[in-house]
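# Coordinates in review
Take a look at the letters that make up each chain.
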Amino acid sequence: MTTEVTDAYVREQLDDGLRCIGCGALMQVDDPEKSGYLPMSALKKAIDSDELFCQRCFRLRHYNEIQPVELTDDDFARLLHQISDTKALIVYVIDVFDVTGSEIAGLPRFVGQDNPILVVANKVDLLPKLLNKNRLKQWLQAELKAQGIKAADIFLTSATRPQNLDELLATIDDLRAGRDVFVVGVTNVGKSTLINQIIKASTGVQDLITTSRFPGTTLDRIEIPLADGKQLIDTPGIIKRDQIAHVLRDKDLKFALPKNEIKPRTYQLNAAQTLFIGGLARFDFEAGARAAMTAYFENNLNLHRTKLAGADAFYDKHAGQLLTPAPQITTPLVKHTFNTSEKSDIVFAGLGWISVPAGVQVSGWAPQGVSVLIRKAMI
């Protein structure tokens, strides 16, 4: 005979700090607008199960539906800053397709100067297979040095198609030396997917932590016990508002966030030509000799070449139709101009990049608030 679960019993469990196993948020039954919410009736049924998910995680997992939550950027930063008081191994996950957009400024200050940092460059399967992996590691090392990070090691992997998971686990075990492991990164770098793979390899449990294309899926730290009594801790992703995902409709995220190997698209451009990147961004070749320029974006994102003269009017007329997808809120694109002294990438944060030669003047345009940056060419 099953014992009836009472409201009082549920309240008692909530007072003890009941957490959603999908996102780590503290469970609650009072405010649907806040994280961790689940109606009392649903919580009564699920409270003693092994799959206790808040309403947000349940809808995200089963219907791919996202609900906004009230956590601020300061909340995320505060949760991350708590690591500096501990002795731990920091596993810093970056998105190798969006390195610039997945950097955490001042990371050593957040996590403690004495804690070793293992950099895991995720989504390497998205880059062209011919890319030399040793050269990529050297390039990453230079990028990390510019951030003030001396990595204990750099590990290339793909959380969705893991082929070297055992090697990664061995590296983590060697470097942690009996300490807790904190996994950190910005939103959408694949932290939770990576941890799910580790859990699956260790326990056989599949897809425990909620993952999605949406920014901010993990809302609080999620602790997974390790064999020696220490913890593997998934921290919430720092939300970087300068990424393209924040100006997209949910249904358009698939055009910005690639899932398969990127096929480079090379254009022989003359000065005074423009490339529209869907309706989300724009690239102008303003001055320089005719040159090959290579675009690295999601394969299904349409690129459209036209003349620089009249490009403004072309965008106004075709954004959201011929030039699709377009930003969620119609807004003029903001211009960023660069003069190159070496082979460089013009990076559209969270969207991709265009590789350009030395000695040219180019401009990248993106919605207001989305960063357009220049860096030494990755490829």
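Not measured: the values here are computed from a predicted model.

## Thoughts on the pairing of strand β1 (residues 88-95)
Here β1 lies mainly inside the structure; eight of its eight residues are buried. The alternating pattern of β1 places A88, I90, Y92 and I94 on one face and L89, V91, V93 and D95 on the opposite face, and all of these are buried. Summarising the sheet, β1 and strand β4 (residues 180-184) pair through five bridges and their orientation is parallel. Residue pairing for β4: A88 is matched across the bridge by D180. Two elements, β1 and strand β2 (residues 117-122), share six bridges in a ladder whose sense is parallel.

## Looking at the sheet that holds strand β15 (residues 361-367)
In a beta sheet, neighbouring strands pair by backbone hydrogen bonds and run either parallel or antiparallel. Pairing in this open sheet of five strands is antiparallel, and the strands run β11-β8-β9-β15-β12 from one edge to the other. Of all strands in the sheet, those bounded by a partner on one side alone are β11 (303-307) and β12 (333-339). Strand-to-strand twist across the sheet, computed as the mean angle between neighbouring axes with direction ignored, equals 20°. The sheet contact formed by strand β8 (residues 273-277) and strand β9 (residues 281-287) spans five bridges and is antiparallel. What sits directly across from Q273, in β9, is F285. Packed onto the sheet, helix α10 (residues 311-318) meets β8, β9, β11, β12 and β15 and runs at close to 25° relative to β8.

## Here's the deal with the pairing of β8
With five of its five residues buried, β8 lies for the most part within the structure. Going residue by residue along β8, you find Q273, L275 and I277 tucked away on one face and T274 and F276 tucked away on the opposite face as well. Between β8 and β9, which follow one another and run antiparallel, lie three residues, and G278 among them has a positive phi close to 55°. Bridging between β8 and β11 involves five bridges; their strand directions are antiparallel. When the bridges of β11 are listed, Q273 appears paired with K307.

## Observations regarding α10
Listed as buried for α10 are A311, F314, Y315 and H318. On an axial view of α10, the arc spanned by its buried residues comes to 95°, and they lie on one face. Seen from the open side of α10, the exposed residues pointing more than 90 degrees away from its buried face are A313, D316 and K317. Contact partners of the buried residues in α10: β8, β9, β11 and β12.

## Re the pattern of salt bridges
Per the stated rule, a full pass over the model turns up 13 salt bridges. Here R11 ties to D30 by a salt bridge, and the two come within 3.2 Å at their closest N and O atoms. Placement of the pair is R11 in helix α1 (residues 7-15) and D30 in the loop between α1 and α2 (40-46), with a sequence separation of 19 residues. Judged by its relative accessible area of 37%, R11 is partly exposed. When its relative accessible area of 55% is taken as the criterion, D30 is described as exposed. With its nearest N and O atoms 2.6 Å apart, the salt bridge here joins R282 to D312. Placement of the pair is R282 in strand β9 and D312 in helix α10, with a sequence separation of 30 residues. D312 sits in the partly exposed class, given a relative accessible area of 45%. Beyond isolated ion pairs, a larger network of salt bridges with shared partners links K129, E261 and K263.

## Some thoughts on the nonpolar core
As a rule of thumb, soluble globular proteins bury nonpolar side chains together. By size, the foremost hydrophobic cluster in this structure holds 56 residues, and its most contacted members are V91, Y92, L136 and L140. For this core, the element with the most residues is β1, which contributes seven residues. Residues in contact with Y92, not counting those within four places in the same chain, are S102, E103, I104, L107, I117, L118, V119, V120, L144, Q147, I149 and V184. Counting residues in hydrophobic clusters, the runner-up holds 32 residues, among them L269, A281, A291 and F338.

## Notes on the environment of G369
Within the secondary structure, G369 sits in the loop between β15 and β16 (372-376). The spacing of G369 and D242 is 127 residues in sequence and 5.4 Å in space, taken between C-alpha atoms. Excluding anything up to four places from it in sequence, G369 contacts R241 and D242.

## A look at the packing of aromatic side chains
By the definition in use, this model includes five aromatic pairs. Centre to centre, the rings of F97 and W353 are 5.4 Å apart; their planes meet at 50°, and the pair counts as tilted. Here the residue F97 occupies a position in the loop between β1 and α5 (107-111), and W353 occupies one in strand β14 (residues 352-356), the gap between them amounting to 256 residues. Of the residues examined, F97 reaches a relative accessible area of 4% and is grouped as buried. Classification of W353 as buried rests on a relative accessible area of 1%. With centroids separated by 5.9 Å and ring planes inclined at 20°, the aromatic side chains of F276 and Y315 adopt a geometry described as stacked. Residue F276 is found in strand β8, and its partner Y315 is found in helix α10; the two are separated by 39 residues along the sequence. Pairwise contacts between aromatic rings join F97, Y296 and W353 into one cluster. Stacked on the ring of W365, the Lys or Arg R282 has its end atom at 4.1 Å from the ring centre. If you follow R375 out to its NZ or CZ, it ends over the ring of W353, 4.8 Å from the centre.

Here is what the cut-offs are and how they apply
- Residues numbered from 1 in each chain as written.
- Predicted model: local features only at pLDDT ≥ 70, side-chain atom pairs only at ≥ 80, totals over all residues.
- Heavy atoms only, no water.
- Buried < 20%, exposed > 50% of the residue type's maximum accessible area, 1.4 Å probe, protein only.
- Helix = DSSP H or I, 4+ residues; strand = E, 2+ residues; numbered from the N terminus.
- Pairing = 2+ DSSP bridges.
- Axes fitted to C-alpha atoms, helices over the stretch in contact; angles between N-to-C directions.
- Contact = heavy atoms within 4.5 Å.
- Arc of directions from axis to C-beta.
- Salt bridge = Lys/Arg side-chain N within 4 Å of Asp/Glu carboxyl O.
- Core = buried A, V, L, I, M, F, W, Y, C linked by side-chain atoms within 4.5 Å.
- Phe/Tyr/Trp six-rings, centres within 6.5 Å; stacked < 30°, edge-to-face > 60°.
- Lys NZ or Arg CZ within 6 Å of the ring centre and 35° of its normal.

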